[in-house]
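# Geometric and topological summary
The chain contents come next:
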Amino acid sequence: MAATQSPLIIALDYPDLASATALADALDPARCRVKIGKELFTRVGPQAIEAMHRRGFEVFLDLKFHDIPNTVAGAVEAAADQGVWMVNVHAAGGRRMMEASAERLRQRGLSTRLIAVTVLTSMADDELQEIGVAGDAMSQVERLARLTQQSGLDGVVCSARESERLRAICGEGFLKVTPGIRPATAATGDQRRVMTPEAAMAAGSTHLVIGRAVTQAAEPMVALAEIERALDAG
């Protein structure tokens, strides 16, 4: 696999492997990583990871595990055994679940990055209140980010609007992986808390998950290069 220092992660949100590999074949693994989510993995399974590894890509397996501690630790270990660069869990699963997962990776000497989802970027304050979360999204993100760090994980998934605050309370080295990224000219779609790539990096995000702006572009590498230029200019 081609190790890359790029902060860009391209979301392979496709229902079939042919579409995902067609997009991957149009990208340069030295200039981005790829994310495999629930739909593609459920339809294709580990074959999707293998296909990306053969093309030289580092993979973020975005399955957001949330279950009892031993079950999640086993799932995280299974993902790491497949050589993924990063995998995630839901911080709402609690301290014991996260600690068990982090400890399993340490025991095995596995280098896969482990991060946790705080609050989904599609959720607004009123939706959090509907499920019994008191306070606003920022308060919940802060609470869960602190818990994630205390549990020994590498970072969190968060909105770019929360990155600056998390940089202040969790430090620069704590990963802040940000979906909901849209170039200034792109539609926001179903994400609620969005930001441009350059603004997100300035705010403290360490990695940016980008979907339609690249995956639906006529020339994906041209679209990727435009984002790179915006980051350089920022």
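For the structure given in this document, a descriptive report is provided here. The numbers attached to residues start from 1 for each chain and follow its sequence in the written order. In keeping with the predicted nature of the model, local features appear solely for residues at pLDDT of at least 70, side-chain atom pairs appear and are counted solely at 80 or more, and the whole-chain, interface and lining totals rest on all residues. Values shown for side chains rest on all heavy atoms present in the structure; no hydrogens or waters enter the calculation.

### Section: the nonpolar core
Soluble globular proteins tend to bury their nonpolar side chains together. Side-chain atoms within 4.5 Å link the members of a nonpolar core, which is a set of buried Ala, Val, Leu, Ile, Met, Phe, Trp, Tyr and Cys residues. The classification of residues rests on relative accessible area computed with a 1.4 Å probe and restricted to protein chains. Under 20% of the type maximum is buried, over 50% is exposed, and intermediate values are partly exposed. In terms of nonpolar packing, the biggest core is built from 54 residues, with Leu12, Ile36, Met52, Leu61 and Val89 touching the most fellow members. Element by element, the count of residues in this core is highest for helix H11 (residues 220-233), at five residues. Note on contacts: a residue pair qualifies if any of its non-hydrogen atoms lie within 4.5 Å across the two residues. Contacts of Ile36, omitting those with residues within four sequence positions, involve Leu12, Phe41, Ala48, Ile49, Met52, Val59, Phe60, Leu61 and Asp62. Judged by nonpolar contacts, the second largest core, of 13 residues, contains Met123, Val141, Val156 and Phe174. Runs of H or I in DSSP of at least four residues are treated as helices and runs of E of at least two as strands, each being numbered from the N terminus.

### Some remarks on the side chain of Asn88
Structurally, Asn88 is set in strand E4 (residues 86-90). Identification of polar contacts relies on pairs of N or O atoms within 3.5 Å, with a donor-acceptor requirement for protein atoms, meaning one able to donate a hydrogen and the other able to accept it, and with residues adjacent in sequence counted only if both atoms are side-chain atoms. A polar contact is formed between the side chain of Asn88 and the side chain of Asp62, at a distance of 2.7 Å. There is a polar contact of 2.8 Å between the side chain of Asn88 and the backbone nitrogen of Lys64. Leaving out residues up to four positions away in the same chain, Asn88 has contacts with Phe60, Leu61, Asp62, Leu63, Lys64, Phe65, Ile115, Val117 and Val157.

### Quick word on unusual backbone geometry
One non-glycine residue, Lys64, lies in positive phi territory at about 50 degrees. Mapping Lys64 onto the fold places it in strand E3 (residues 59-65).

### Quick word on the sheet that holds strand E6 (residues 155-157)
Strand order in the closed barrel formed by eight strands is E1-E2-E3-E4-E5-E6-E7-E8, with parallel pairing between adjacent strands. Mean inter-strand twist for the sheet, computed between neighbouring axes without regard to direction, equals 25 degrees. Should DSSP find at least two bridges between two strands, the strands are regarded as paired. Note: strand E1 (residues 8-11) against strand E2 (residues 33-36), three bridges, orientation parallel. Along E2, the bridge assignment pairs Ala11 with Lys35. With respect to the sheet, helix H5 (residues 95-108) is in contact with E3, E4 and strand E5 (113-117), its orientation differing from that of E5 by roughly 170 degrees. Think of each axis as a best-fit line through the C-alpha atoms, taken over the contacting stretch in the case of a helix, with angles from 0 to 180 degrees between the N-to-C directions.

### A closer look at the layout of surface pockets
Only protein atoms enter the 1 Å grid used here, on which a cavity is any set of points holding a 1.4 Å probe that cannot leave and a pocket is any open set flanked by protein within 12 Å on both sides along at least five of seven lines; residues with an atom within 4 Å of a point are listed as lining. Grid points are joined across faces, edges and corners, and a volume is the space filled by probe spheres set on the points. In this structure, the second largest pocket occupies an estimated 160 Å³ of space. Lining of the second largest pocket is provided by His66, His90, Ala92, Thr118, Val119, Leu120, Met123, Leu128, Ile131, Val133, Gln140 and Leu144. In this classification, the charged set is Asp, Glu, Lys and Arg, the nonpolar set is Ala, Val, Leu, Ile, Met, Phe, Trp, Tyr, Cys and Pro, and all remaining amino acids, among them Gly, are polar. In terms of residue class, the lining of the second largest pocket is made up of eight nonpolar, four polar and no charged.

### Side note on the packing of aromatic side chains
Any two rings among Phe, Tyr and Trp, with Trp reduced to its six-membered ring, count as a pair given centres within 6.5 Å; such a pair is stacked if its planes are under 30 degrees apart, edge-to-face if over 60, and tilted if neither. Taken as a whole, this structure holds zero aromatic pairs when the rule is applied. Either the NZ atom of lysine or the CZ atom of arginine qualifies as a charge over a ring when it sits within 6 Å of the ring centre and within 35 degrees of the ring normal. Here Arg33 stacks its cationic end above the ring of Trp85, 3.9 Å away from the centre of that ring.

### A word on the pattern of salt bridges
Think of it this way: side chains of opposite charge can pair up when their charged atoms draw near. By definition here, a salt bridge exists when the distance from a side-chain nitrogen of Lys or Arg to a carboxyl oxygen of Asp or Glu is within 4 Å. All chains considered together, the criterion is met by 12 salt bridges. Here Arg33 and Glu58 are joined by a salt bridge, their closest N and O atoms 2.7 Å apart. Within this pair, whereas Arg33 is found in strand E2, its partner Glu58 is found in the loop between helix H3 (46-54) and E3, the two being separated by 25 residues in sequence. You'll find Arg33 and Glu58 in the same group, each marked buried.

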